[in-house]
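Descriptive analysis of the structure
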Amino acid sequence: MSDYGSGDDLLDDVDPDELLSTGSKRVNVNPAHDSVQHPSKRVKKTLTYEQYDDISRSILKRDFGYDDFRYEQAAAIRAILRGDNALAVFPTGAGKSLCYQIPGIAFEELDAAGLTERQSKTSAIGSGITIVVSPLIALMKDQVDALQRRGIPAACLDSTKTYDEQKSINASIREGRLRILYCAPERLNNEGFVESMKFVPGGIRLVAVDEAHCISEWGHSFRPDYLKVARFVSEIKAERVICLTATATPRVAEDVRRAFDIRESNVFRTSPYRPNLQLHAEAVKTSDDKFPRLLKFLKDHSGPTLVYVTAQKQAEGLARDLSKLGHVAACFHAGLSTEQKTKTQDAFMAGSVRIVVATIAFGMGIDKADIRNILHYDISNTVEEYSQQVGRAGRDGKPSFCTLYICRDDFWMRENFVRGDLPSRQSLQNLLEDIFLHEPTAKLPDGGDVIKLNQLALGKKHDVRASPLSIILATIELRFGLIRAITPEYSTYQFETGPGYDTQVKHDKSPEAKAIVSHNKKGRKWHTIDVNAVANDTMQPRADIIRKLNEFNDKGLIRVKTSGVLSRYKILKTLPSTPKQVGAITDKLHAEMEDRETDAMKRFQTLCDLLTDTQCFARELTRYFGTELPNGKPNCGHCTYCLTGKPVVLPPKPKPPVDLIAIRDILSCCDVRDDPRFLARIAFGIKSPRITALKLDKTEVFGAMQNHEFESLLKEFTKACESEGSAITLFHLTTSATPANINLLPRTPPPSVSLQQSCSDPSGPRSFAFREITYLRYEVSAAVASPQPNTTQLVFELVNESTDISTGCACQNVMSGGDWVDDSHTWYACVDRTITVGGTKYPVKTSALIDWDRWRLTVNQTWVCDER
Ligand SMILES: Nc1ncnc2c1ncn2[C@@H]1O[C@H](COP(=O)(O)OP(=O)(O)OP(=O)(O)O)[C@@H](O)[C@H]1O
């Protein structure tokens, strides 16, 4: 089960009435009752600032043991108690949780003291609850445990709860015993849950949205389920909302404000600047140069250290290498078992492991005050991610060191992450047609139509990754209002029998138990049950059968496992019914997704720019988040720039020419011609569902062009796809210097253009001189006329302007193909990567340089000879 699992299947099709009543039915769920329970925004009885602060400070002291508030905590809490919506942007570890926990406790006390108008009307039905929407189950559990230890009634509705536990939580809500309820955003897709929250006695006093930046499509970790939080808040008529995040740029904060109607004056921001953190960056030439630097860093800097890397394998390898050299190091990444992760985390907290080499998975909820060093072995994806990670150092206020190795080799991986999420327009159109142009797959009890989608299969079929697919579906839901997600269902339930199966399950007289016993198919170990078919055959509601299965599971009589999750969507409006109508939606969606890709590329670039800028890095960082260094300080005095007075300079990396042979290899190993992006992904080494399904990621061509620019690859493959079938296809050149540009070259005939070929070919260098040439038009006819194996032909088409007659010039054994790179005036050619000399094949690299000033074209050809 993932951390994000919401366990919604347990509440499948549960009606709110039932949810809130275990045993006796609740008295009234009639909407007329609503006005009594949800007199929206009716709670104000204005107190003075001091009165609000006195109340919250007394709770701070009594329940949390702290003397005073930090940062803007008091102001944020005051705004909430007044009945306003608020946004708190505090750095990691600043104490955001108290901003909703204290109001969550205070409401009851304010009601009891008659300090709210609601008291007289609602005392009989309780003081309502605070709902906290938070993405990580582990974090929610920690918070709930901590609150319960302090005697504050809190609970968490998550997928690990048994049916009985859920019933008990519902009972405590109904009886007004619960103050704070945590849930994952995915739970908001559960109709039963949403409905039940509309009828909580005393109402929903506050919704706290943790990690609120996830709501912004321009945030660094946009999560489509977060888009539904605002709708949820309005549907359940929550009295007020507090959004919390550690990382919100002004643009993201604006999105959050708009989504929840938060006044500018209710945005409480604390500068992320931490004076004790020394932020350094070091430019590194290649990845191999990092390890020696790391060893030196660890020698020079003592204390608990986190080393952030990109990939899971890298984390394992680096931890192993450090351990071999006597460092006490462990690795942490999402692929490890929960036990392994807990063990590493506990050892790091206890100080028995000094170094943790981790992926981004490590850190959420780690509250270790004395982390002395954060080392970024690879550059982070975004400024926000970087800022969050360095924010884990030095919470005790003591000097701590944060160093980042900036290396061009790492950029490919970052780009790879970003580029994989944008499907081609055609893929998107096919996907949407698949969703819209088919008959609904089910009916709801109320007669409404439902479509069921297997997201995994859809993604594979149309080559769309899981994360963009969920964004696409959320957009259709929220922006176009065509569908609405309802509780997903599992297509397959399987169970393994325990000791009580024969004695209890088989003797259970309930119709659901009988249906389960009589309708399962027994395999060697697992019994499989098709709950939809059983529900049809036995006329028992599907939800009852599932509930019974879960009940047996909770009692240990059977062990249930589920698979094949189907997302279900209620159809709200007439869906597009022709490819043209679908096309209109495709266009809008695709344009948005393209923007998002550009934005994601920019975000990574922004971090590079900040790190290599000619200014104090700490100040740049705080400015990025819309604040300044405290007390008008112009700089921090201890970042790399402040210490050296020089910017970090990234070693240049020449733009590689498009390797046309590699392009041809890809085209010959894959016959897809309807999707240039797909081909470019193969070349660049980006996995996608279709690439994996065709096992192309296992071929030699996968990633063969990862040193190229993705955009050039895309252009090249677009041309290849457009002129499919023509021999010239492979060598149509992509460059910014099109023939039209070249025509702009000086028309005055230069005295001569000479072509010199210098190489260590036994036949020696050759040179050619051309006369009466006004311009050179690049036109490479592919290696089609190769006279011998392992030789290729370069054909320049030289146009004599006066007669307009083309003249060909063939250079045997010289490479052909090429690309104009207009800014450097370098023309590279590389067609065959081997050459045969004396019966031996050697790898060959050919490049041609055009010096336009002197009208000179030089072709260089080199190969590596085997010395023996
Ligand atoms: N006013 C305060 N005085 C002293 N300690 C506080 C105060 N407010 C919060 N803390 C403590 O600071 C620690 C961090 O608080 P919390 O977990 O709420 O931070 P956060 O901002 O939510 O961090 P993150 O972004 O990592 O989730 C907790 O141990 C909390 O009890």
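Look up: the structure comes first, before these words.
Now for a description of the structure that goes with this document. Given the structure is predicted, the values throughout are model-derived calculations rather than measurements.

1. Regarding the site of the ligand
For the ligand, the set of nearby residues contains 14 residues, the closest of which are Y66, R70, G93, K96 and S97. K96 has a polar side-chain atom sitting 2.8 Å from an oxygen atom of the ligand. At 2.6 Å from an oxygen atom of the ligand is found a side-chain nitrogen or oxygen belonging to S97. With the chains in place, 76% of the 640 Å² that the ligand exposes on its own is no longer accessible. Class assignment for the residues of the shell around the ligand results in five nonpolar, five polar and four charged.

2. Some details on the environment of S400
Within the element layout of this structure, S400 appears in strand 13 (residues 400-406). Separated by 3.4 Å, the side chain of S400 and the backbone nitrogen of G394 make a polar contact.

3. Notes on the sheet that holds strand 8 (residues 277-283)
Sheet architecture is open: six strands sit in the order 8-13-12-9-11-10, paired in parallel fashion. Two strands lie at the open edges of the sheet, namely strand 8 and strand 10 (329-332), each paired on one side alone. Put simply, the sheet's adjacent strands are angled 15° from each other on average, direction ignored. Sheet topology places strand 12 (residues 373-376) next to strand 13; four bridges connect them, and they run parallel. The partner of N373 across the bridge, within strand 13, is F401. Each of strand 9 (305-308), strand 10 and strand 11 (355-358) touches helix 14 (residues 338-350); the most contacted strand, strand 10, lies at about 135° to it. In the packing of helix 15 (residues 383-390) onto the sheet, contacts are made with strand 8, strand 9, strand 12 and strand 13, and the angle to strand 12 comes to roughly 150°.

4. Quick notes on helix 7 (residues 137-149)
Its 13 residues give helix 7 an end-to-end C-alpha distance of 18 Å, which sits within 8% of 18 Å, the value for a rise of 1.5 Å per residue. Against the buried residues of helix 7 lie helix 3 (49-64), helix 5 (98-112), strand 3 (154-157) and strand 4 (180-183).

5. Observations concerning the state of the cysteines
Here, the word disulfide means a covalent bond between the sulfur atoms of two cysteines. Counted under the stated rule, the structure contains zero disulfides. For C642, which is in no disulfide, the shortest distance to another cysteine sulfur is to C639 and amounts to 3.7 Å.

6. Focus on the packing of helix 3 against helix 4 (residues 73-82)
Helix 4 packs onto helix 3 with a crossing angle of 105° between their chain directions and a minimal axis gap of 10 Å. By the angle between their directions, the pair helix 3 and helix 4 is classed as roughly perpendicular. Counted together, Y49, Y52, D53 and S56 of helix 3 and A74, I77, R78, L81 and R82 of helix 4 form the full contact between these two elements. Looking at the contact of helix 3 with helix 4, its residues break down into five nonpolar, one polar and three charged.

7. A word on the sheet that holds strand 17 (residues 521-522)
Pairing is antiparallel across the open sheet formed by six strands, whose spatial order is 14-15-19-16-18-17. The open sheet has two edge strands with one neighbour each: strand 14 (442-443) and strand 17. Judged from the 12 bridges that link them, strand 16 (residues 483-497) and strand 19 (residues 558-571) form a sheet pairing that is antiparallel. Following the sheet pairing, Y493 is matched in strand 19 by T562.

8. Let's talk about the pattern of salt bridges
Pairing of side chains with opposite charge becomes possible as their charged atoms draw close. For the structure on display, the rule yields 47 salt bridges. Put simply, E175 and R174 hold a salt bridge, and the shortest N to O gap is 3.3 Å. The exposure class assigned to R174 is buried, which follows from its relative accessible area of 16%. Taking the shortest distance from any N to any O, the salt bridge between R623 and E628 comes out at 3.1 Å.

9. Comments concerning the packing of aromatic side chains
Applying the stated criterion across every chain yields a total of 12 aromatic pairs. Considering the side-chain rings of F495 and Y501, the 5.8 Å spacing of their centres and the 40° angle between planes classify their relative orientation as tilted. Here Y624 and F625 contribute two aromatic rings whose centre-to-centre distance is 5.0 Å and whose plane-to-plane angle is 90°, an arrangement assigned as edge-to-face. In this structure, Y624 and F625 share a single accessibility class: buried. Aromatic ring contacts, followed pair by pair, group F332, F348 and F362 into a single cluster. When the ring centre of F193 is taken as reference, the NZ or CZ atom of R187 above it lies at 5.9 Å. A cation over a ring is seen here: K368 above F348, with NZ or CZ 5.4 Å from the ring centre.

10. Looking at the packing of helix 17 (residues 425-436) against helix 24 (residues 579-611)
The geometry of helix 17 relative to helix 24 is characterised by a closest axis approach of 9 Å and an angle of 130° between their N-to-C directions. Regarding the angle of helix 17 to helix 24, the classification is oblique. When you trace helix 17 past helix 24, the crossing you get is right-handed. Packed against helix 17, whose contacting residues are R425, L428, Q429, L432, E433 and F436, the element helix 24 presents P579, V582, G583, I585, T586, D587, L589, H590 and M593 at the interface. Split by residue class, the contact of helix 17 with helix 24 holds eight nonpolar, four polar and three charged.

11. Describing the environment of G685
With respect to the helices and strands, the residue G685 is situated in the loop between helix 28 (676-684) and helix 29 (689-693). The exposure class of G685 is buried, given its relative accessible area of 10%. C-alpha separation for the pair G685 and A704, spaced 19 residues apart in sequence, amounts to 7.2 Å. Setting aside its immediate chain neighbours within four residues, G685 contacts W412, N416, F702 and G703.

Cut-offs used in this document
Residues numbered from 1 in each chain as written. Predicted model: local features only at pLDDT ≥ 70, side-chain atom pairs only at ≥ 80, totals over all residues. Heavy atoms only, no water. Near = heavy atom within 4 Å. Polar contact = N/O pair within 3.5 Å; in protein donor to acceptor, adjacent residues only side chain to side chain. Areas by Shrake-Rupley, 256 points an atom, 1.4 Å probe, with all protein chains shown as cover. Nonpolar A, V, L, I, M, F, W, Y, C, P; charged D, E, K, R; others polar. Helix = DSSP H or I, 4+ residues; strand = E, 2+ residues; numbered from the N terminus. Pairing = 2+ DSSP bridges. Axes fitted to C-alpha atoms, helices over the stretch in contact; angles between N-to-C directions. Contact = heavy atoms within 4.5 Å. Expected span 1.5 Å × (residues − 1). Disulfide = S-S within 2.5 Å. Parallel < 35°, antiparallel > 145°, perpendicular 65-115°, else oblique. Salt bridge = Lys/Arg side-chain N within 4 Å of Asp/Glu carboxyl O. Buried < 20%, exposed > 50% of the residue type's maximum accessible area, 1.4 Å probe, protein only. Phe/Tyr/Trp six-rings, centres within 6.5 Å; stacked < 30°, edge-to-face > 60°. Lys NZ or Arg CZ within 6 Å of the ring centre and 35° of its normal. Left-handed = near helix turned anticlockwise from the far one by under 90°.

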